[in-house]
Each structure stands twice: as structure tokens, then as C-alpha cells.
Amino acid sequence: MSGTTEILMPGQRLARGVCRHLATHDFACVEEFSPQRGKRVDVMALGPKGELWVVECKSGRADFQSDAKWHGYLEWCDRFFWAVDADFPVELLPEDTGLILADDYSAELVRMPAEQKLPGARRRALTRRFAAHAARRLQALRDPGFTFAV
């Protein structure tokens, strides 16, 4: 950016900390990823063994309670996590989902959910979509005036 400082919303700051943490475990992350038309997850993470994780970042009680879409994300990942800050009332979060405590700069995986392996065909399609999305984002940084057809 040309001399400006980007202002991140609370959920975006959590996502940044999550992505930094997962990168130390050899995960590649894409923020605001659409696994399917009409769905948008906060973080999609591709692990070193091809595993796909979804992380939804919640900045507070109201943000969590207003999210009715998260159940629809379960079919698009091997593991599903919530990322929240240290002040979040974690007792609100379903116990069978993962939990990550995060801040602007890092995170800690607190609870690992059970793995629900994606079917092979969906994994391949989703991995390709992830790669194409990441490549378009990188190209957009190099050529911000170009509009990609999707």
C-alpha cells in the first residue's frame, strides 16, 4: 500500500494471528475463502499432509450468536475451529469443535476437534479451488488494476 496503514477489523486481527500461528506448523492459509458459491469462511488452511481446516474468527458474544451459517462449513473441512480472543466466553462454543485463542500476532491451539475426513473428490476440488484462489490473490498484488473472471 502506498504509505497508508490498513485498519483491520477485530475478526481480521484474529485471522492474522491464526494464520501466523498455522504458518509455523507448515499450513498455507487464505483469509475470506469461498469453498462454494454463497459460503465464505474466515480462514481456510491447507496443511502439510493435505488436510483442510476451517477457522471462524469471532470477536465477541454477539458476533458468535449472530452466526447461523457455520454448520454449513463443516462439510468443507477435515477439522473446524473457532478463533477467539482471551476475553471471549468460550463456554458458548460447541465442545465438539476446535478452539484457538488468538490475538493480532499469534495464536494457541487449545482444543483439537475430531477429524471428519473429506471425501476424496471434494478434497481434490477444494484443494484446486484453494490453489487458484491463492494464485489470483498473489497476482492481484502484482497487477491491482486487472479484474479476474471467476
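Remember, it's a predicted structure, so these values are computed and weren't measured experimentally.

Novice: Please set out the overall build of the protein residue by residue, giving values where relevant.
Specialist: Along the backbone of the protein there are three helices and six strands. Order of helices (α) and strands (β) in the protein, N terminus to C terminus: α-β-β-β-α-β-β-β-α. Each principal axis of the C-alpha atoms in the protein carries an extent, and together these give about 45 × 40 × 30 Å. Within the protein, buried positions represent 38% of all 150 residues. Long-range contacts, defined as pairs at least 24 residues apart, comprise 53% of the intrachain contacts of the protein with a sequence gap of at least 6.

Novice: Can you explain the nonpolar core? Please cite residues and give values.
Specialist: Counting residues in hydrophobic clusters, the biggest one holds 21 residues, and the most contacted among them are Phe33, Met44, Val54, Phe80, Leu93 and Leu126. Looking at this core, the elements that each hand over two or more residues are strand S1 (28–33), strand S2 (41–46), strand S3 (52–57), strand S4 (79–84) and helix H3 (120–142). Counting 16 residues, the second-largest nonpolar core is a separate cluster that includes Cys19, Leu22, Val55 and Ala83.

Novice: Can you lay out the sheet that holds S2 for me, pointing to particular residues and giving the numbers?
Specialist: What holds strands together in a sheet is hydrogen bonding between their backbones, with the strands either parallel or antiparallel. Pairing in this open sheet of six strands is mixed, and the strands run S1-S2-S3-S4-S5-S6 from one edge to the other. Both edges of this open sheet fall to S1 and strand S6 (107–111), since each of them pairs with a single strand only. If you compare each strand with its neighbour and ignore which way they point, the axes differ by 25° on average. Against the sheet, helix H1 (residues 10–23) engages S1, S2, S3, S4, strand S5 (98–102) and S6, with an angle of about 160° to S1. Along the sheet face, H3 touches S1, S2 and S3 and points at about 85° away from the line of S1.

Cut-off values and rules
Residues numbered from 1 in each chain as written. Predicted model: local features only at pLDDT ≥ 70, side-chain atom pairs only at ≥ 80, totals over all residues. Heavy atoms only, no water. Helix = DSSP H or I, 4+ residues; strand = E, 2+ residues; numbered from the N terminus. Buried < 20%, exposed > 50% of the residue type's maximum accessible area, 1.4 Å probe, protein only. Contact = heavy atoms within 4.5 Å. Core = buried A, V, L, I, M, F, W, Y, C linked by side-chain atoms within 4.5 Å. Pairing = 2+ DSSP bridges. Axes fitted to C-alpha atoms, helices over the stretch in contact; angles between N-to-C directions.

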